[in-house]
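# A look at the structure
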Amino acid sequence: MTATAEHTKDSPITGDILTVAREQVLDRGVGLSEDQVLQVLRLGDDRLDDLLALAHDVRMKWCGPEVEVEGIVSVKTGGCPEDCHFCSQSGRFPTPVRSAWLDIPGLVKAARETADSGATEFCIVAAVRGPDARLLAQVRDGIKAIRESGNDIQIACSLGMLTQEQVDELVAMGVHRYNHNLETAKSHFPQVVTTHSWEERWDTLRMVREAGMEVCSGGIIGMGETDEQRAEFAVQLADLDPHEVPMNFLIPQPGTPYEKYEPIEGKDALRVVAAFRLGLPRTMLRFAGGRELTLGDLGAEKGMLGGVNAIIVGNYLTNLGRPAQQDIDMLADLKMPIKALSDSL
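Computed from a prediction, not measured in an experiment: that's the story for all the values here.

What follows is about the overall build of the chain. Across its full length, the chain holds 14 helices and 10 strands. Relative to its length of 345 residues, the chain is compact, with a C-alpha radius of gyration of 19 Å against a globular reference of 20 Å. Each principal axis of the C-alpha distribution contributes one length, and for the chain these read about 55 × 40 × 35 Å. Burial analysis of the chain (345 residues in total) assigns 58% to the buried set. In the chain, of all internal contacts separated by at least 6 residues, the share reaching a separation of at least 24 is 76%. Taken as a whole, the chain presents about 13800 Å² of accessible surface, with 51% of it coming from carbon and sulfur. Averaging the positions of the 34 positive and the 52 negative side-chain charges in the chain gives two centres separated by 1 Å.

A word on the side chain of Lys 76. The topology assignment puts Lys 76 in strand β1 (residues 68-77). Within the buried set, Lys 76 has no salt-bridge partner at all; the shortest N-O distance to an opposite charge, 8.2 Å, is to Asp 132. Non-local contacts of Lys 76, meaning those with residues more than four positions away in its chain, are made with Gln 89, Ser 99, Ala 100, Trp 101, Val 125, Ala 126, Ala 127 and Val 128.

This part is about the layout of surface pockets. In this model, the second largest pocket occupies a volume close to 150 Å³. In this structure, the second largest pocket is lined by Cys 63, Gly 64, Pro 65, Glu 66, Val 67, Glu 68, His 243, Arg 282, Thr 283, Met 284, Asn 309 and Lys 339. Here the lining of the second largest pocket is composed, by residue class, of 4 nonpolar, 4 polar and 4 charged.

Moving on to the pairing of strand β8 (residues 244-249). Among the 6 residues of β8, 6 are classified as buried, and the element is accordingly described as predominantly covered. Of the pairings in the sheet, the one linking strand β7 (residues 219-221) to β8 comprises 3 bridges and is parallel in character. Across the sheet, Gly 219 pairs through a bridge with Met 247, a residue of β8. Each parallel crossover has a hand, and for β7 linked through helix α10 (residues 227-240) to β8 it is right-handed. Note: β8 against strand β9 (residues 284-287), 4 bridges, orientation parallel. Looking at the pairing, Pro 246 lines up with Arg 286 of β9. Each parallel crossover has a hand, and the one from β8 via helix α11 (residues 266-279) to β9 is right-handed.

Cut-offs and rules
Residues numbered from 1 in each chain as written. Predicted model: local features only at pLDDT ≥ 70, side-chain atom pairs only at ≥ 80, totals over all residues. Heavy atoms only, no water. Helix = DSSP H or I, 4+ residues; strand = E, 2+ residues; numbered from the N terminus. Rg over C-alpha atoms; globule rule 2.2 N^0.38 Å. Buried < 20%, exposed > 50% of the residue type's maximum accessible area, 1.4 Å probe, protein only. Contact = heavy atoms within 4.5 Å. Areas by Shrake-Rupley, 256 points an atom, 1.4 Å probe, with all protein chains shown as cover. Lys, Arg positive; Asp, Glu negative; His and termini not counted. Charge placed at Lys NZ, Arg CZ, Asp CG, Glu CD. Salt bridge = Lys/Arg side-chain N within 4 Å of Asp/Glu carboxyl O. 1 Å grid on protein atoms, 1.4 Å probe; cavity = no way out; pocket = protein on both sides within 12 Å on 5 of 7 lines; lining within 4 Å. Points joined across faces, edges and corners; volume = space filled by probe spheres on them. Nonpolar A, V, L, I, M, F, W, Y, C, P; charged D, E, K, R; others polar. Pairing = 2+ DSSP bridges. Right-handed = clockwise from strand over helix to strand, strands pointing away.

Interpretation in functional terms is not warranted from these geometric data alone.
Right, here's the structure in full:
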């Protein structure tokens, strides 16, 4: 039973939402319901510091002080047949991104650089609807080469929607975590993607969980969704009960349907992060794409003190991030220890 399910069967608790959350989430570890998350999202700016402080307390109590650091690399970039409206890698939009493949030596090099940065997680990503035989063979060969190079970094994959056979293949390769973002609330998904359904993504995640891999699933904030849909999304993720939730913020990409969208304000981004922490008290929340644009340096630090306990360092798939060392230094300044590889195994 999820924390959300545990709460919704109880009688509702009324009162100031932060007071309620302190008793329900901090003291008992029970995530907020959809209506309660919505109340948090509607808090005024004058309550933001109190909200962030509570979210940090929840993170520290239910997740601990350690931060998991991850690097990602695209093994197959661009040319994706899907029409995800936020994505510059879709072959359906006139974006500057062109299709390209990363060779095995390049993959090994990227994994080594990721490990050298202090990260304990390396995620192999491909812009595809789902992996074909060629892609799976390259991933298999790449993982083998990474291991033969003496690199024992944890390896995750994000290769789109899977069949049961493909799930089993990834398990056999030693992939311990699979990322497949739900992206947004179920009610908003048809406005974001039309070439596949939210349910298809959910089915992949169900198979991944049943096969024993860790589930990584989050989304992008700022794609025209309402506060109600953000609250809906938080609770849907709580029902999924993923090991990790990447928190991305929309970077308007040239040539995509969202190219003229305005990035959300930093205070709104922090409010969403804190609300998700209160909805998912035991889940790893990872700062991912768009945090530099939306939050800047100071906002990133406030986010780490407002519920976040994992971070992607370095560059993203088609966008530049901050230098990895800058984030490592930030964690040192905040006295947040990096999760050791031995703790991840």
